[in-house]
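# Summary of the model geometry
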Amino acid sequence: MDKGVILYPCYFDRELMRSEGRRVSLDTGVSNPEPGDIERILKANKIPYIREPKPHPAYWWKNQGRFVVDYTGPKRELVALISTGLKNRGKQN
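Everything numeric in this text was worked out from a predicted model, so none of it was measured.

Judged by which residues are buried, strand β3 (residues 66-69) turns out to be covered on both faces: R66 and V68 on one side and F67 and V69 on the other are all buried. Inspection of the sheet shows strand β1 (residues 5-7) paired to β3 by 3 bridges, in the antiparallel sense. Bridging from a neighbouring strand, V5 pairs with V69 of β3. Strand direction decides the pairing type here: strand β2 (residues 49-52) and β3, joined by 4 bridges, are antiparallel. Following the sheet pairing, Y49 is matched in β3 by V69.

What follows is the structure in structure tokens.
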């Protein structure tokens, strides 16, 4: 995969401010999103991806890695899809 959409778990963390890396609204974000949950959502939607060990530059110590996703639509659409999946997963637990 040459290029792809880069996603970091911090994009979905409602504990962060927008200026700290959050990409979703507080209503659609979750506390401490787990990379494994994001991975399960991508697999369930049959979206090809590669998980890389590269952390978000602002959160290098968390070692959560990032996802390079082969997605042709807009990034905000992919972020919304994953955010919805994370929110629904939280309701199941």
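Inspection of every chain in the model, using the stated rule, returns 1 cavity of 30 Å³ or more. Around the largest cavity, the lining residues are Y8, P9, C10, P55, H56, Y59, Q64 and G65. Its residues assigned to classes, the lining of the largest cavity shows 5 nonpolar, 3 polar and no charged.

Another aspect to go through is the sheet that holds β3. One open sheet holds the 3 strands; their spatial order is β1-β3-β2, and the pairing between them is antiparallel. Two strands bound the open sheet, and with one partner strand each, they are β1 and β2. Averaged over all neighbouring strand pairs, the angle between strand axes comes to 20°, with direction disregarded. Against the sheet, helix α1 (residues 35-44) touches β2 and β3, its axis set at about 165° to β2.

The subject of this paragraph is the environment of C10. Structurally, C10 is set in the loop between β1 and α1. With a relative accessible area of 5%, C10 lands in the buried category. Distance from C10 to P55, taken between C-alpha atoms, is 9.9 Å for residues 45 residues apart in sequence. Dropping the residues within four chain positions of it, C10 is found in contact with L16, G21, R22, H56, Y59 and Q64.

Inspection of every chain in the model, using the stated rule, returns 3 salt bridges. The closest approach of N and O atoms between R51 and E39, which form a salt bridge, is 3.0 Å. Note that R51 is positioned in strand β2 and E39 in helix α1, a separation of 12 residues in sequence. Judged by its relative accessible area of 38%, R51 falls in the partly exposed class. Judged by its relative accessible area of 18%, E39 is buried. A salt bridge links E52 to R66, with the shortest nitrogen-to-oxygen separation between them at 2.6 Å. Remark: R66 occurs in strand β3 and E52 occurs in strand β2; sequence separation between them is 14 residues.

Reading the values: the criteria
Residues numbered from 1 in each chain as written. Predicted model: local features only at pLDDT ≥ 70, side-chain atom pairs only at ≥ 80, totals over all residues. Heavy atoms only, no water. Buried < 20%, exposed > 50% of the residue type's maximum accessible area, 1.4 Å probe, protein only. Helix = DSSP H or I, 4+ residues; strand = E, 2+ residues; numbered from the N terminus. Pairing = 2+ DSSP bridges. 1 Å grid on protein atoms, 1.4 Å probe; cavity = no way out; pocket = protein on both sides within 12 Å on 5 of 7 lines; lining within 4 Å. Points joined across faces, edges and corners; volume = space filled by probe spheres on them. Nonpolar A, V, L, I, M, F, W, Y, C, P; charged D, E, K, R; others polar. Axes fitted to C-alpha atoms, helices over the stretch in contact; angles between N-to-C directions. Contact = heavy atoms within 4.5 Å. Salt bridge = Lys/Arg side-chain N within 4 Å of Asp/Glu carboxyl O.

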